[in-house]
Amino acid sequence: MPLPPDFNESTFRAFLDAKFGAAGDYRLERIAGGQSNPTYFLTFGGRRMVLRKQPNGPLLKGAHAIDREYRVLAALHPAGVPVPRPVLYHETPEILGTPFYLMERVEGRVFSDGALPEVPASERHALWMGLADSLGRLHRVRPDAVGLADYGRPGNYFERQLSRWSRQWQESTSGPIPELDQLGAWLAANLPPDDGAVSLAHGDYRMGNVIFHPTEPRVVAILDWELSTLGHPLADLGFCAMAWHSSPDEYGGILGLDLEALGLPTEAEFLARYAAANPSAARPLPFHKAFALFRFAVIFVGIADRARQGNASGADAAKVAPLARRFAIRGLEVIAGHHPGP
C-alpha cells in the first residue's frame, strides 16, 4: 500500500536517526484495512515497532485522537495490563504531516472469527477464557492510580452513551429501521440506575482486537484504544458478549453454532471467567447486552451513511450496511430472552 504524498521518508529516517542512532536496517510497511488510524510496521536499528498516525486531511473534532491512545498505553503498560510498550509520541506535523506515535511490535496470533477455525477445537475454550482474563485485568485497574482520573467523565455512563448513540441514529440519513427505534425506546425505558462503577472502558473489546501469545492461550496485547474512555466495565463486557448474540455472517459471531462440538465456551462460562478475574464487577443485565447491540447497529448505520456519500474508508462499508437492522433484531431477541437455534 503506497505511503501518503506528504509522508517524507527521508525526513522520517533523519528523525529516527536522531532518536535511536543511525541504522542500516529500515523498512516501513502499511497495514491494510480498518476504518481507523493509518498503521505501519516499522523496522529500524534492530527494533520492530508499530507506527500509528492520524489520517491526512480534515478530521472531525475529537476523532483519531492518537494522543489519547498513546497516553493510555503509557499508563497501562507499567500497571501490568497486556498492551504494547509505548516508545515515543510526536505531536507536531512537520515529520509525517500529522502527529504520530511508535510502540513496540508484539508478536503473536490475531483471530478475527469468534469460532477460531484456525486452531484445533481443543484450544478454543482456553483462548476465550484468556480473552475474559485480560478484560478482567484491565477493569481491575483504578484509573486514578495510573494517572487517568481525567481520561473521561465518570458516572452516568450508559445514560450519556444512550443519548449520544440515539442522537446519531436520529440524525442519520438512512431509511427507517423500526427495530432500531423499538430497541432504542426499550433501552431508554429500562436504563438501570448508576451504580457508581467506573473503569477504563476500551470501547471495542473483542476477539479481533487482541494479540494472543504464539503458543499459549493468553492475551499479550490489547489493541485499538481509539474509543477508550472512562466508562462502566459492563459496557466492555456486554460488547464482548455480542459474539453469543450474533451469527457467523454477522461480524464473526458464534450464535447458532454447536459450541460443545466446536470446543467453544457458552456465554455463561465466559461471564463466569470474567467474574473470577474481576470479582467486584456486577453481573450484566439484558440491558447491557442489548445496549451493545444497539450501539453496534448505529455504528453500521454511520458506515452506511458514509458509503452512500462515497467517503467510507472501509472497502466493505456497503456490505456491512444491512447489519444495522440485523443487530437491532438481535438486541430485541436479547430483551425477549429468545435464542434462535442453528
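Above this text you will find the structure in question.
In this text the structure is predicted, and so the values were computed from the model without any measurement.

Asker: Can you lay out the sheet that holds strand β3 (residues 47–53) for me, pointing to particular residues and giving the numbers?
Answerer: Spatial strand order, β1-β2-β3-β5-β4: 5 strands in an open sheet with antiparallel pairing. At either end of the open sheet lies a strand with only one pairing partner, and these are β1 (26–30) and β4 (86–90). Strand-to-strand, the axes of this sheet are offset by a mean angle of 20°, without reference to chain direction. In terms of strand pairing, β1 meets strand β2 (residues 39–44) through 5 bridges, oriented antiparallel. Looking across to β2, one finds that Tyr26 is bridged to Phe44. Across the face of the sheet, helix α1 (residues 9–20) comes into contact with β1, β2, β3, β4 and β5 (100–104) while running at roughly 125° to β1. Running at roughly 150° to β4, helix α2 (residues 66–76) makes contact with β3, β4 and β5 of the sheet.

Asker: Tell me what's going on with the packing of helix α6 (residues 233–240) against helix α9 (residues 286–309), and back it up with residues and numbers.
Answerer: Two elements in contact, α6 and α9, have axes separated by 8 Å at closest approach and are oriented at 70°. Overall, the two elements α6 and α9 adopt an arrangement that is roughly perpendicular. Residue-level inspection shows Leu234, Gly238 and Phe239 of α6 in contact with α9, the latter providing His288, Lys289, Ala292, Arg295 and Phe296.

Asker: Mind laying out the side chain of Asp204, listing which residues take part and the relevant values?
Answerer: Within the secondary structure, Asp204 is located in the loop between β6 (199–201) and β7 (210–212). A relative accessible area of 14% means that Asp204 is categorised as buried. Asp204 has contacts with Asn209, Leu227 and Phe239, leaving out every residue within four places of it along the chain.

Asker: Any details on unusual backbone geometry? Residues and values, ideally.
Answerer: Although it is not a glycine, Asn156 sits at a positive phi angle of roughly 50°. Take Asn156: it is sitting in the loop between α3 (121–140) and α4 (157–170). On the basis of relative accessibility, which here comes to 39%, the residue Asn156 falls in the partly exposed class. Even without glycine at this site, Asp224 takes up a positive phi of about 55°. Summarising the element assignment, Asp224 is placed in the loop between β8 (219–222) and β9 (229–231).

Asker: Give me the lowdown on α6, citing residues and values where you can.
Answerer: Burial analysis of α6 places 8 of its 8 residues in the buried class, which makes it a mostly covered element. Of the residues making up α6, those classed as buried are Pro233, Leu234, Ala235, Asp236, Leu237, Gly238, Phe239 and Cys240. If you follow the buried residues of α6, they end up packed against α3, α4, β6, β9, α8 (267–277) and α9.

Asker: Kindly report on the nonpolar core, identifying the contributing residues and their values.
Answerer: Leu76, Trp128, Leu131, Leu180, Trp225 and Phe270 are the most contacted members of the largest nonpolar core, which totals 78 residues. In terms of residue count, the dominant contributor to this core is α9 (12 residues).

Asker: Go over the packing of aromatic side chains with me, naming the residues and quoting the values.
Answerer: Any aromatic ring pair is given by two values, namely how distant the centres are and how the planes are angled relative to each other. By the definition in use, this model includes 19 aromatic pairs. Their ring planes at 90° and their centres at 5.4 Å tell us that Phe158 and Phe291 sit as a pair that is edge-to-face. Of this pair, Phe158 sits in helix α4 while Phe291 sits in helix α9, placing them 133 residues apart in sequence. For the pair shown, Phe158 and Phe291 are each scored as buried.

Cut-offs used in this document
- Residues numbered from 1 in each chain as written.
- Predicted model: local features only at pLDDT ≥ 70, side-chain atom pairs only at ≥ 80, totals over all residues.
- Heavy atoms only, no water.
- Pairing = 2+ DSSP bridges.
- Helix = DSSP H or I, 4+ residues; strand = E, 2+ residues; numbered from the N terminus.
- Axes fitted to C-alpha atoms, helices over the stretch in contact; angles between N-to-C directions.
- Contact = heavy atoms within 4.5 Å.
- Parallel < 35°, antiparallel > 145°, perpendicular 65-115°, else oblique.
- Buried < 20%, exposed > 50% of the residue type's maximum accessible area, 1.4 Å probe, protein only.
- Core = buried A, V, L, I, M, F, W, Y, C linked by side-chain atoms within 4.5 Å.
- Phe/Tyr/Trp six-rings, centres within 6.5 Å; stacked < 30°, edge-to-face > 60°.

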